[in-house]
Structures are given as C-alpha cells and as structure tokens.
Amino acid sequence: QVQLVESGGGLVQAGGSLTLSCAASGSIFSTGVMGWVRQAPGKQRELVARITSGGNTRYQDSVKGRFTISRDNAKNTVYLQMNSLKPEDTAVYYCAAAKRPTTINEYDYWGQGTQVTVSS
C-alpha cells in the first residue's frame, strides 16, 4: 500500500523560502516518478516539478530557477525547496506518485496536501 505524507507548508512573505517534504511508503518511491502538484483556488492543478527514480528532474517554466526537487532514497522522502516565493505560488501543494506518468492525470497516488501561502 502506498502512502504519501506531506509536511512543511505554511505562511511566508514574498521573497522567502519554504521546503516541502513528502514521506513515501511502498515500492513506488524506488521504481516510479515522484511529483509535486499544486492547485490554487479557482485554478486547475498544475505539475510543478517531478523527479524520476534515476534522479532526472523536470520543472514547470514558472518555477525554474526558484524551485528544486530532490530525493533522499535512504529516507524514502522527496523534497521541494522553494526560494524567491511569489504570491502567485500560493496554493495547496500535493505530493504525487506513479510508475510512468506522462500527464498529471496519470499520477495514481496522492498525499493529503499542504497549504503554502505567500503574502505580498
């Protein structure tokens, strides 16, 4: 059984930093793709960043250079380091996992979400 548990959200001023963590149980962590998805009120979900089991990363254009996704295989944990935060980064951030997702809709496992609020 796969479980994803996020932590690290909160309130931060614009320009500040936060680090989100996602602790994963189950084999998906070592064999699949881990992603961070966010959803702001009234907006569609968007894939912010993802990392493969081999460590390859991909980012949404709006966060490139500001966000970094990483993983600690010994701890079965994936991180999202967020720097230079902007008010438009405000959203609920979800950790997600799947074997070989090609779209956001193909992520099979989801965490409960953690709120990130960036004040101006």
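A.B. asks: Describe in detail the environment of Met34, supporting the description with residues and values.
C.D. replies: Relative to the assigned elements, Met34 resides in strand E4 (residues 33–39). Look at Met34 and you get buried, because its relative accessible area is 0%. Distance in space between the C-alpha atoms of Met34 and Tyr107 is 8.8 Å, their sequence separation being 73 residues.

A.B. asks: Tell me about the state of the cysteines, and please be specific about residues and values.
C.D. replies: Throughout the structure, instances matching the rule amount to one disulfide. Here Cys22 engages in a disulfide with Cys95; their sulfurs sit 2.1 Å apart. Handedness of the Cys22-Cys95 disulfide follows from its S-S torsion of about -75°: it is left-handed. On the criterion of sequence distance, the pair formed by Cys22 in strand E3 (residues 18–25) and Cys95 in strand E9 (residues 91–98) is long-range, its members being 73 residues apart. Grouping residues by exposure puts Cys22 and Cys95 together as buried.

Conventions and cut-offs
Residues numbered from 1 in each chain as written. Predicted model: local features only at pLDDT ≥ 70, side-chain atom pairs only at ≥ 80, totals over all residues. Heavy atoms only, no water. Helix = DSSP H or I, 4+ residues; strand = E, 2+ residues; numbered from the N terminus. Buried < 20%, exposed > 50% of the residue type's maximum accessible area, 1.4 Å probe, protein only. Disulfide = S-S within 2.5 Å.

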